[in-house]
Amino acid sequence: MSHASRSRTGPPGGCGGRRVWQDFARTNGAERSGGGAMELAELEAFFALSEELHFGHAAERLHLSQSRISQLIRALERDLGAPLFARTSRRVELTPLGRQALTILRPPYEALHAGYAEARAVAQGVVGRLSVGFLGGVNGPAFAGLIAAFAERHPSCELSTLEVPITDFYGALRRGETDLTLTLLPVDEPDLKVGDPITSFGRVVVLPTGHPLTAALTVDIEALAGNVLLSGPPELPEVFRRSYFPAATPKGRPLASRDGGRTYQETFNLVATGQGLTITHAGIAEHYRHPGVEFRPLRGLPPAYAALAWRASADKPQITSFAALARARAVGVGLT
């Protein structure tokens, strides 16, 4: 599933989803007579329409008729006594109540689906082989815990891991050397599917020892203006490079850049010898050391997120099971 796509085949019954909606409905005075609440189909329709904002597109996504989508949405709105969507002849928009419902219901809904997918995988048994790649520095406790949990749940599946180089983010996937790879976002590759983030890292600046900025405990990105930033190897995916190494500070001050090394240690050598600074994330600071550089937390940039990617054409139950477990664990710590 792409990072943007949310459509899923849901679990039968959806008792967890009903309980969550009952809590929301009770708070908003929308319980049905007799104490009941919405059906899972209504919840599916609500989420699909809230993302598509088009009845026809939502109907296509759920393989239902447009009239059925309208019927499900009207049932919700009738129970609430207020509209979830504002409709005109040209557009569909969420109302304030609709936005509140979306915020409250999305996390438990996702947890329900992830838990169901993982339960199915356990019940059916997963065998064979699975190779999971990772970029250096993202293989911290979240990744290690995920690998251990999958091995415990599926002892008949032969599991291996492989570090992939920063000069070739997706090559191991495309060559079939890995079935999934834990990589940094964003990913914009049409032949790959991308899950939701399963871990995140604060941003870090790498400075040569003795640089004036090392006197501070943390560094604001505005302070990097006027320095040359090493923006990784030329092989980096361009979408990722533009996101990870900004061309300007939030206040619009330009950040000059040049290519860095083809490995982390090569880049650290360049920093240590005064040829530039670089921006990375806390996972790198935890996994790598160099005697000539210092790391400082960097303010002013969003965290670095890591997610699983796999080939869109791949059809292995091991991949589905691993991705479902990853999502279930990420939901549990509030990353999705």
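As the structure is a computational prediction, the values presented were derived from the model and not from experiment. Going along each chain's sequence as written, the residues are numbered from 1 onward. Local features are withheld for residues below a pLDDT of 70 in this predicted model, meaning they are given only at 70 or higher, and side-chain atom pairs are given and counted only at 80 or more; totals for whole chains, interfaces and linings count all residues. Note that the side-chain values use all heavy atoms of the structure and ignore hydrogens as well as water.

Visitor: Report on the sheet that holds strand 13 (residues 304-311), specifying residues and quantitative values.
Guide: The five strands lie next to each other as 4-3-5-13-6, forming an open sheet whose pairing is mixed. With one partner strand each, in any of the chains shown, strand 4 (157-164) and strand 6 (192-201) form the two edges of the open sheet. Going from strand to strand, the sheet's axes swing by 25° on average, the running direction of each strand aside. The pairing of strand 3 (residues 128-135) with strand 5 (residues 180-184) spans three bridges and is classified as parallel. A pair of strands is considered paired only if DSSP assigns at least 2 bridges between the two. By definition, any uninterrupted DSSP run of H or I lasting at least four residues is a helix, any uninterrupted run of E lasting at least two residues is a strand, and each is numbered from the N terminus. Only the stretch in contact is used when a helix axis is fitted, and all axes are lines through C-alpha atoms; the angle between N-to-C directions ranges over 0 to 180 degrees.

Visitor: So what's going on with the sheet that holds strand 7 (residues 203-208)? Which residues, and what values?
Guide: If you walk across this open sheet you meet the six strands as 8-12-7-11-9-10, and the pairing is mixed. Each edge of the open sheet is held by one strand with a lone partner, namely strand 8 (219-220) and strand 10 (256-258). Strand direction decides the pairing type here: strand 9 (residues 228-230) and strand 11 (residues 277-281), joined by two bridges, are parallel. By the bridge assignment, Leu229 is partnered in strand 11 with Leu277.

Visitor: A description of the pairing of strand 12 (residues 293-299) should follow, citing residues and the corresponding values.
Guide: Sheet analysis places strand 7 next to strand 12, joined by five bridges and oriented antiparallel. Bridged to Val204 within strand 12 is Pro297. Pairing of strand 8 with strand 12, which is carried by two bridges, proceeds in the parallel orientation. Note on strand 12: the bridge partner recorded for Val219 is Leu298.

Visitor: Break down the nonpolar core for me, citing the residues and quoting the values.
Guide: As used in this record, nonpolar core signifies buried Ala, Val, Leu, Ile, Met, Phe, Trp, Tyr and Cys residues forming a set joined through side-chain atoms within 4.5 Å. Relative accessible area decides the class of each residue, using a 1.4 Å probe on protein chains only: under 20% of the type maximum gives buried, over 50% gives exposed, and in between gives partly exposed. Counting residues in hydrophobic clusters, the biggest one holds 68 residues, and the most contacted among them are Leu180, Leu224 and Phe322. Only heavy atoms matter for contacts: two residues are in contact if any of them lie within 4.5 Å across the pair. Dropping the residues within four chain positions of it, Phe322 is found in contact with Leu130, Val132, Leu146, Ile147, Phe150, Leu180 and Leu308. Counting residues in each nonpolar core, the second largest holds 24 residues, with Ala45, Phe46, Leu49 and Ile69 among its members.

Visitor: Tell me about the pattern of salt bridges, and please be specific about residues and values.
Guide: Salt bridges are counted wherever a side-chain nitrogen of Lys or Arg sits within 4 Å of a carboxyl oxygen of Asp or Glu. The full count for this structure, using the stated rule, is 17 salt bridges. Glu51 is the partner of Arg106 in a salt bridge, and the nearest nitrogen-oxygen pair spans 2.1 Å. Here Arg106, found in helix 5 (residues 96-124), pairs with Glu51, found in helix 2 (residues 40-52); they are 55 residues apart in sequence, far enough to count as distant. On the basis of relative accessibility, which here comes to 13%, the residue Arg106 falls in the buried class. Note that Asp179 and Lys316 form a salt bridge whose closest N and O atoms lie 3.1 Å from each other. Taken together, the positions of Asp179 in the loop between helix 7 (171-174) and strand 5 and Lys316 in the loop between strand 13 and helix 11 (317-332) put the pair 137 residues apart, joining distant regions of the chain. A single network of salt bridges, built from pairs that share partners, joins Glu51, Glu52, Arg61 and Arg106.

Visitor: An account of unusual backbone geometry is needed here, citing residue identities and associated values.
Guide: The step from Leu185 to Pro186 runs through a cis peptide bond, and the omega angle for that step is 5°. Looking at the element boundaries, Pro186 is found in the loop between strand 5 and strand 6. Unusually for a residue other than glycine, Leu53 sits at a positive phi of about 50°. Relative to the helices and strands, Leu53 resides in the loop between helix 2 and helix 3 (55-62). Classification of Leu53 as partly exposed rests on a relative accessible area of 35%. In this structure, His63 is a non-glycine residue whose phi angle is positive, near 60°. Inspection of the secondary structure puts His63 in the loop between helix 3 and helix 4 (66-80).

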